[in-house]
Amino acid sequence: MNIQEVLSDKVKEAIYSIFNVELPHVEFQPTRKDFEGDVTVVVFPMLRFVKGNPELIGKQIGEFLQNNVDEVSGFNVVKGFLNIVICDSYYLSFFNTIKELADYGRVSEPGHEAVMVEYSSPNTNKPLHLGHIRNNLLGYSVAEILKAAGKKVYKTQIINDRGIHICKSMLAWQRFGNGETPESSGLKGDKLVGNYYVAFDKAYKAEIAEMIAEGVEKEIAEKEAPILKEAQEMLRKWEAGDEEVVTLWKRMNGWVYKGFDETYKNLGVDFDQLYYESNTYLLGKDVVADGLEKGIFYKKGDGSVWIDLTDEGLDEKIVLRSDGTAVYMTQDIGTAIQRVKDFPDITGMVYTVGNEQDYHFKVLFLILKKLGFTWAERLHHLSYGMVDLPSGKMKSREGTVVDADDLMDDMSQTAATISEELGKLEEYTDTEKQELFRMIGLGALKYYILKVDPKKRILFNPEESVDFQGNTGPFIQYTYARIQSILRKADKIEIVWSTTVANTLELHLKEKELLKQLQLFPETIQLAAENYSPALIANYTYDLVKEFNSFYQQVSILGESDEERKILRVQLSKKVGEVIQSAFLLLGIQVPERM
RNA sequence: GGUCGCGUAGCUCAGCUGGAUAGAGCAUCUGCCUUCUAAGCAGACGGUCGAAGGUUCGAAUCCUUCCGCGAUCACCA
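Residues numbered from 1 in each chain as written. Chains lettered and ligands numbered in written order. Predicted model: local features only at pLDDT ≥ 70, side-chain atom pairs only at ≥ 80, totals over all residues. Heavy atoms only, no water.

Re the overall build of chain A
Part 1 of the reasoning: Secondary structure summary: chain A contains 21 helices and 14 strands in total.
Part 2 of the reasoning: C-alpha atoms of chain A, sized along the principal axes, occupy 90 × 65 × 45 Å.
Part 3 of the reasoning: Every one of the 595 residues in chain A was classed for burial, and the buried ones make up 53%.
Part 4 of the reasoning: For chain A, the proportion of contacts with a sequence separation of at least 24, taken over those separated by at least 6, is 74%. (Helix = DSSP H or I, 4+ residues; strand = E, 2+ residues; numbered from the N terminus. Buried < 20%, exposed > 50% of the residue type's maximum accessible area, 1.4 Å probe, protein only. Contact = heavy atoms within 4.5 Å.)

Here's what the structure looks like:
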């Protein structure tokens, strides 16, 4: 129980005993640093129930609390703000209760409610880029946060393995590839396939230019270019199950998956269950037939099926083509239902998809609700802003992308350069160093992306490297490493971890501030889960670390002469380290023993 | 044009269901390594919170209008 919960009832009691009025709610806030106190009760909202001077009311409540509540050791009133001083013993006993908890802040009993979190979901015709990195980091982190908040989580992705885009790569490979394979070229599979996607586009543009030169209109040329026609023909063959096309398709997708797996492994993300569009694109048609019967959908003259959402302030939306084939929406309806069939404990789903699809998901969720699925009430589109470059949007076709693998390598490289300059790793072997640089580089990248509100668009400038100082991943990792250094030394001088520090110890201001910050961890996890926001975890961790560094600077930990106080400081450092590690795990960032 | 999102210091971002003098980092400038890792700490500088109205004891936060940026409004996915 945190201090606000303790005090809330007591304040109500105070109001009842002084004014004989039942107060429905008490408003708290942390006391601002410039005033004395730990928590503040805001008196203004009470004026609706209690008539009088806010300053005076505050004083009366303060006196009541000081006399009747053990945890309250003092108070002061500034305007309508009652600043309450909480006694040290409260914080010390709080610390003693959490000290040994290995997973402090997390809900330990696994919930029976499951949530499926979808993220990544790439096309299989090109490598992953910076945009996918944001998607992956967000999805993975939200999944971890939901777990920590007590949910059972299934991580999933739907791989867009079919369609015209992969046919383009296949066709270009057939034409220009001369049998090139990842083995023969030494290229990562997804890179190789991506090269042919670019090659297709080049050939396609050349054909268009040629046709225009021959007097064909641009728009017609774009539709009629022979290479495009051929790709479309390939897609038709694929859908018909043509053996040759399907074999090539399997082969090239196989290359891509191998490449993706490597990238995912480097990024540190994983999935519990994969869905492939080639298996799901026909799903949903039965549901549409069913909905048609129920009158949720209606059929137009040409046979296409629609839903009218104008009552909801949206448009009419097609759910089945006039030729009876599925559209994107049909497929998503079907996939959602399939997932609940596969995992019957699912009560909600999270879709990590860019904000360009806000409208699509609004409609999808509405349709599923209208179809009467109870779980449709608990669907969430984790919508995030695009990652743009100073030059504009990233386009794979035109090669203006920041490649995921390259970026991760660059980050490691930067970490290596900085680290070598500082030169504190003499005793490390080369492999240990490489591992560390990777950890730091990735930490910088992940933190940089996750600390900002997902809704905001990110402008990524590759020229200016991601910071390693200030509010960054490495700053937090560094603090963790420093703590571990203290603990290694403390171990040698035999500080006993299990020693319980007496509640009577008088706390240093910095110790108290640290304890207050530690107390916020559980509620921060819950808040982050409710808001699907890794940024809240990142900012919390940053505040904790700032507080610790200030503590570290101002007091001596191992050099403290009072034995009991030294024990407290070491234990406190250890706990802060654990919380940093735990919080960073939620962001998918590792922490080093030294750096 | 309709709908949705965003707009806070030179730059990158915090700011919870409205609360005290709007906070960090980067950059610029000052100090601090004979004591636990200086990727650090302490401090200075820097703001009419896009604009105007409104609600309220109180607004960066809620409402309205306007401006700017982005996304979206396909029998593409």
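Here we look at the protein's contact with RNA strand B
Part 1 of the reasoning: Residues in contact with RNA strand B amount to 64 residues; listed here are only the nearest, D302, R321, Y478, Y552 and V555.
Part 2 of the reasoning: Each atom of RNA strand B within 4 Å of the protein belongs either to a base or to sugar and phosphate, the latter forming 60%.
Part 3 of the reasoning: The side chain of N83 places a nitrogen or oxygen atom 3.0 Å from a base nitrogen of RNA strand B.
Part 4 of the reasoning: Here a sugar or linking oxygen of RNA strand B and a side-chain polar atom of Y542 are 2.5 Å apart.
Part 5 of the reasoning: When residues of the surface near RNA strand B are traced back to their parent elements, those giving at least two are β2 (39-42), β4 (81-86), α13 (328-342), α14 (358-370), α15 (404-422), α17 (473-492) and α20 (534-554).
Part 6 of the reasoning: It is α20 that provides the largest number of residues to the surface near RNA strand B, a total of 8 residues.
Part 7 of the reasoning: Along the lines of polarity and charge, the residues of the surface near RNA strand B split into 27 nonpolar, 18 polar and 19 charged. (Near = heavy atom within 4 Å. Polar contact = N/O pair within 3.5 Å; in protein donor to acceptor, adjacent residues only side chain to side chain. Nonpolar A, V, L, I, M, F, W, Y, C, P; charged D, E, K, R; others polar.)

What to know about the domain arrangement of chain A
Part 1 of the reasoning: The domain boundaries assigned to chain A delineate domain 1 (3-86), domain 2 (118-290 + 331-388), domain 3 (291-325) and domain 4 (404-586).
Part 2 of the reasoning: Domain 3 and domain 4 are separated by 53 Å when their C-alpha centres are compared. (Domains from an automatic or database assignment.)

A look at the packing of α13 against α14
When two helices pack together, you describe them by how their axes are tilted relative to each other and by the distance separating the axes.
Part 1 of the reasoning: The contact between α13 and α14 brings their axes to 10 Å, and the two run at 55°. By the criterion of interaxial angle, the relationship of α13 to α14 is oblique. Viewed along their axes, α13 and α14 form a crossing whose handedness is right-handed. Taken together, the residues of α14 that come into contact with α13 (itself represented by Y328, M329, D332, I333, A336 and I337) are H360, V363, L364, I367 and L368.
Part 2 of the reasoning: Class assignment of the residues belonging to the contact of α13 with α14 gives a composition of 9 nonpolar, 1 polar and 1 charged. (Axes fitted to C-alpha atoms, helices over the stretch in contact; angles between N-to-C directions. Parallel < 35°, antiparallel > 145°, perpendicular 65-115°, else oblique. Left-handed = near helix turned anticlockwise from the far one by under 90°.)

Concerning the confidence of the model for chain A
Part 1 of the reasoning: Of the residues in chain A, 100% reach a pLDDT of 70 or more, and the chain-wide mean stands at 92.
Part 2 of the reasoning: On the interface metric, ipTM, the complex scores 0.95, and its pTM is 0.95. (pLDDT = per-residue confidence, 0-100.)

Examining the pairing of strand β3 (residues 72-78)
Part 1 of the reasoning: Sheet topology note: the β3/β4 ladder contains 6 bridges and is antiparallel. Bridged to F75 within β4 is I84.
Part 2 of the reasoning: Connecting β3 to the next strand, β4, in antiparallel fashion are 2 residues, including K79 with a positive phi near 50°. (Pairing = 2+ DSSP bridges.)

Considering the environment of G284
Part 1 of the reasoning: Relative to the helices and strands, G284 is located in the loop between α11 (277-280) and α12 (285-294).
Part 2 of the reasoning: Residue class for G284 comes out buried when judged on its relative accessible area of 8%.
Part 3 of the reasoning: Apart from the residues lying within four places of it in its own chain, the contact partners of G284 are T330 and G334.

Thoughts on the packing of helix α7 (residues 189-213) against helix α9 (residues 226-239)
Part 1 of the reasoning: Closest axis-to-axis distance for the α7/α9 pair is 8 Å, and the angle between their directions is 130°. Comparing the axis directions of α7 and α9 gives the class oblique. Of α9, the residues touching α7 (which contributes F200, A203, Y204, E207 and M211) are P226, I227, L228 and A231.

Some remarks on the pattern of salt bridges
Part 1 of the reasoning: One pass over the full model with this rule turns up 35 salt bridges.
Part 2 of the reasoning: In this structure, R378 and E113 form a salt bridge, with 3.0 Å as the shortest nitrogen-oxygen distance. Here R378 is found in the loop between α14 and β12 (379-384), whereas its partner E113 is found in the loop between α3 (88-98) and β5 (114-118), with 265 residues between them in sequence.
Part 3 of the reasoning: Exposure remark for R378: the relative accessible area of 41% places this residue in the partly exposed category.
Part 4 of the reasoning: One salt bridge in this structure joins K191 and D403, with 3.1 Å as the shortest N-O distance. Placement of the pair is K191 in helix α7 and D403 in the loop between β13 (387-388) and α15, with a sequence separation of 212 residues.
Part 5 of the reasoning: Overlapping salt bridges, with partners in common, bring together D38, D88, K512, E513 and K516 in one network. (Salt bridge = Lys/Arg side-chain N within 4 Å of Asp/Glu carboxyl O.)

Some thoughts on the side chain of T352
Part 1 of the reasoning: Following the sequence through the fold, T352 ends up in strand β11 (residues 346-354).
Part 2 of the reasoning: In this structure T352 touches V117, E118, Y119, N135, L138, G139, L382 and Y384, once residues within four positions along its chain are discounted.

Here's the deal with the pairing of β2
Part 1 of the reasoning: The alternating pattern of β2 places V39 and V41 on one face and T40 and V42 on the opposite face, and all of these are buried.
Part 2 of the reasoning: Examined bridge by bridge, strand β1 (residues 28-30) and β2 share 3 bridges and lie antiparallel to one another. By the bridge assignment, F28 is partnered in β2 with V41.
Part 3 of the reasoning: Relative to β4, β2 runs antiparallel, the two sharing 4 bridges. When the bridges of β4 are listed, V39 appears paired with I84.

A short note on the sheet that holds β1
Part 1 of the reasoning: The antiparallel open sheet is built from 4 strands, whose spatial order is β1-β2-β4-β3. Unpaired on one side and paired on the other, β1 and β3 mark the two borders of the sheet. Looking at each pair of strands side by side, their axes are set apart by 30° on average, direction ignored.
Part 2 of the reasoning: Each of β3 and β4 touches helix α2 (residues 54-68); the most contacted strand, β3, lies at about 175° to it.

A look at α17
Three or four residues apart is the spacing at which side chains of an α-helix point the same way, because the helix has 3.6 residues per turn.
Part 1 of the reasoning: Compared with an ideal rise of 1.5 Å per residue, which puts 20 residues at 28 Å, α17 spans 29 Å between its outermost C-alpha atoms and is within 8% of the ideal.
Part 2 of the reasoning: The backbone nitrogen of F475 has a side-chain oxygen 3.2 Å away, supplied by the residue at the start of α17, namely T472.
Part 3 of the reasoning: Once α17 finishes, E494 follows within two positions and takes phi at roughly 55°, a positive value. (Expected span 1.5 Å × (residues − 1).)

Looking at the packing of aromatic side chains
Part 1 of the reasoning: Under the defined criterion, the tally for this structure stands at 23 aromatic pairs.
Part 2 of the reasoning: Judged by centre distance (5.8 Å) and plane angle (40°), the ring pair of Y351 and F365 falls under tilted. Of the two residues, Y351 sits in strand β11 while F365 sits in helix α14, which places them 14 residues apart along the sequence. Grouping residues by exposure puts Y351 and F365 together as buried.
Part 3 of the reasoning: Relative to F551, the ring of F548 lies with its centre 5.5 Å away and its plane at 55°, an arrangement referred to as tilted. Of this pair, F548 and F551 both sit in helix α20, 3 residues apart, roughly one helical turn.
Part 4 of the reasoning: Note on F548: relative accessible area 0%, which makes it buried.
Part 5 of the reasoning: Members of the aromatic cluster, joined through ring pairs, are F94, Y104, F521 and Y540.
Part 6 of the reasoning: One Lys or Arg, K300, reaches over the ring of W306 and ends 3.8 Å from the middle of that ring.
Part 7 of the reasoning: The positively charged end of K574 is found above the aromatic ring belonging to W497, 4.8 Å away from the centroid. (Phe/Tyr/Trp six-rings, centres within 6.5 Å; stacked < 30°, edge-to-face > 60°. Lys NZ or Arg CZ within 6 Å of the ring centre and 35° of its normal.)

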